[in-house]
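One-letter residues, chain by chain:
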Amino acid sequence: MEENPLHPFELHNFIPINIGGLDVSINKAVLTMWVVVALVAALMVVAGSARRLVPGKLQSLAEMLVDFIRGIVLDTMGEGGMRFFPLVATLFLFILFCNLVGLIPGSYTVTSQIIVTAVFAFSVYGLSLMIGFALHGAKFLGILVPPGTPAWLLPLMIPIELISQLARPISLAVRLFANMTAGHVILGVLFGLTVSGGLLIGWLPFVFTIAMNGLELGIAFIQAYIFTVLTCVYLGDAFHLHGHDEHAH
Amino acid sequence: MPPPDDPLYAGLGQAVRIGTELLAALIVGGGLGWVVDEYILGSGPWGLVIGLTLGVTAGIRNAYRAAQRWQRPPDTPGKDK
């Protein structure tokens, strides 16, 4: 029996919808995203409705998550960054739950589609540019000149800084997409070996499948975490503009 | 799974970050150079060569920056202010 390890990433349209040549069909990914949104909302609404001083299981889970995200925001942006907390928390919870839901056998990993991660990455980066130009005006272009650059180095430094700025959304998108896709391909290949190996040897890759699933659980969390941290770092850079060098003391 | 505020996560996060940081800058640099070659100047391989060189430089710079952020001791809250 042969199984294409990329097969789980195919999108199957459940309800084909076509508006003016635009394909807005309800497919596996869309359905999974709805499930994820419902899960996150349900967790937060149910956990938040109790408001007990001594939290129950669900409430302490929600409190732990919120406190964790708050820690990231304060760490990277400082007190002023708390105005971005709703955005950052939404991003983190959505990505985390997408990654986790994708680990349930038979479900779909939305974050293994590069278009999804790219939309997130470019929106975050676009937002950071908008904040930068709104707060600092044309001075925001100074982000292309690292502090303390001698004038004769400028023709070299500006293209390098431009590339390193443009690389930000791409590295953000590619990192999440590649990690999720690679992990699921490995799981798919191992499980394919289990099926084709039969009883005699097939149990071996099956044990690895279980081990990989545990590893993927960690990766799901770390990738959501790193996406959130970098979101905060990029927003913070636009917010402060060399802030940690000039206004440090 | 360790609790989410374990400093291990910050370390792991930084570790998985650096590889893609190098790659993304290389893609952007090479891509820009290639576009200049193909569609704007028609300047043979030179745009790609210069673009890749700048891309590698930017990638190493980004990785260096990521490592610098890492250097900050984990127990000092908020570097600004």
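Notes on the structure in this doc start here.

Quick notes on the rules
- Residues numbered from 1 in each chain as written.
- Chains lettered and ligands numbered in written order.
- Predicted model: local features only at pLDDT ≥ 70, side-chain atom pairs only at ≥ 80, totals over all residues.
- Heavy atoms only, no water.
- Helix = DSSP H or I, 4+ residues; strand = E, 2+ residues; numbered from the N terminus.
- Expected span 1.5 Å × (residues − 1).
- Bend = angle between axes of the 7 residues up to and from the residue.
- Axes fitted to C-alpha atoms, helices over the stretch in contact; angles between N-to-C directions.
- Left-handed = near helix turned anticlockwise from the far one by under 90°.
- Contact = heavy atoms within 4.5 Å.
- Nonpolar A, V, L, I, M, F, W, Y, C, P; charged D, E, K, R; others polar.
- Buried area = accessible area lost by both parts, 1.4 Å probe.
- Salt bridge = Lys/Arg side-chain N within 4 Å of Asp/Glu carboxyl O.
- Buried < 20%, exposed > 50% of the residue type's maximum accessible area, 1.4 Å probe, protein only.
- Polar contact = N/O pair within 3.5 Å; in protein donor to acceptor, adjacent residues only side chain to side chain.
- Parallel < 35°, antiparallel > 145°, perpendicular 65-115°, else oblique.
- Core = buried A, V, L, I, M, F, W, Y, C linked by side-chain atoms within 4.5 Å.

1. Focus: helix 1 (residues 7–41) of chain B
In this model helix 1 of chain B runs 50 Å from its N-terminal to its C-terminal C-alpha over 35 residues, within 8% of the 51 Å that 1.5 Å per residue would give. I18 of chain B marks where helix 1 of chain B bends most, by close to 25 degrees.

2. Considerations on the packing of helix 2 (residues 57–77) of chain A against helix 5 (residues 154–240) of chain A
Residues and elements named next belong to chain A. In contact at an axis separation of 9 Å, helix 2 and helix 5 are set at 35 degrees when each is read in the N-to-C sense. With respect to the hand of their crossing, helix 2 and helix 5 are arranged in right-handed fashion. Contacts between helix 2 and helix 5 involve F68, I72, V73, T76 and M77 from the former and F221, Y225, T228, V229, C232, V233, L235, G236 and H240 from the latter. Its residues assigned to classes, the contact of helix 2 with helix 5 comprises ten nonpolar, four polar and no charged.

3. Digging into the interface of chain B and chain A
Chain B puts 33 residues into the contact, and the matching count from chain A is 35 residues. Interface of chain B and chain A: buried area, both sides summed, is about 2800 Å²; carbon and sulfur atoms make up 70% of it. Viewed at the interface, chain A and chain B are joined by three salt bridges. Linking R175 of chain A and E21 of chain B is a salt bridge whose minimum nitrogen-to-oxygen distance equals 3.8 Å. Secondary structure elements with two or more residues in the side of chain B that touches chain A: helix 1 and helix 2 (46–71) of chain B. No other element matches helix 1 of chain B, which puts 14 residues into the side of chain B that touches chain A. Of the residues that constitute the side of chain B that touches chain A, the class distribution is 13 nonpolar, ten polar and ten charged.

4. Side note on the side chain of Q113 of chain A
All names here are of chain A. Note on placement: Q113 falls in the loop between helix 3 (85–102) and helix 4 (114–136). Taking relative accessible area as the criterion, Q113 reaches 17% and is therefore assigned buried. In terms of polar contacts, Q113 uses its side chain to reach the side chain of Y108, at 2.5 Å. For Q113, the contacting residues outside a window of four places in its chain are F9, L11, Y108 and F177.

5. Comments concerning helix 5 of chain A
All names here are of chain A. Between its first and last C-alpha, helix 5 extends only 22 Å over 87 residues, short of the 129 Å set by a 1.5 Å rise per residue. Taking the largest bend as the criterion, helix 5 deviates by roughly 160 degrees, centred on G198. L241 sits one or two positions beyond helix 5 and adopts a positive phi of about 50 degrees.

6. Description of the packing of helix 1 (residues 28–50) of chain A against helix 2 of chain A
Helix-helix packing is described using two parameters, namely the angle between the two axes and the distance between the axes. Residue and element names in this part refer to chain A. Packing of helix 1 against helix 2 brings their axes to within 8 Å, and their N-to-C directions diverge by 110 degrees. By the criterion of interaxial angle, the relationship of helix 1 to helix 2 is roughly perpendicular. For the crossing formed where helix 1 meets helix 2, the hand is left-handed. Residues L43, M44, V46, A47 and A50 of helix 1 touch helix 2, and the partners they reach there are L58, Q59, L61, A62, L65 and V66. Per-class residue counts for the contact of helix 1 with helix 2 are ten nonpolar, one polar and no charged.

7. Notes on the environment of M130 of chain A
On the secondary structure map, M130 of chain A appears in helix 4. Taking the C-alpha atoms as reference points, M130 of chain A and S25 of chain A, 105 residues apart in sequence, are found 32 Å from one another.

8. Focus on the nonpolar core
Core analysis: the largest hydrophobic core is formed by 47 residues, its most contacted members being I69 and F92 of chain A. Where this core is concerned, the elements lending two or more residues are helix 1, helix 2, helix 3, helix 4 and helix 5 of chain A. With 17 residues, the single largest contributor to this core is helix 5 of chain A. Aside from chain neighbours lying at most four places away, what touches F92 of chain A is L65, F68, I69, F221, A224, Y225 and T228 of chain A. Core analysis: the next-biggest nonpolar cluster, separate from the first, contains eight residues, I160 and I163 of chain A together with V28 and L54 of chain B among them.

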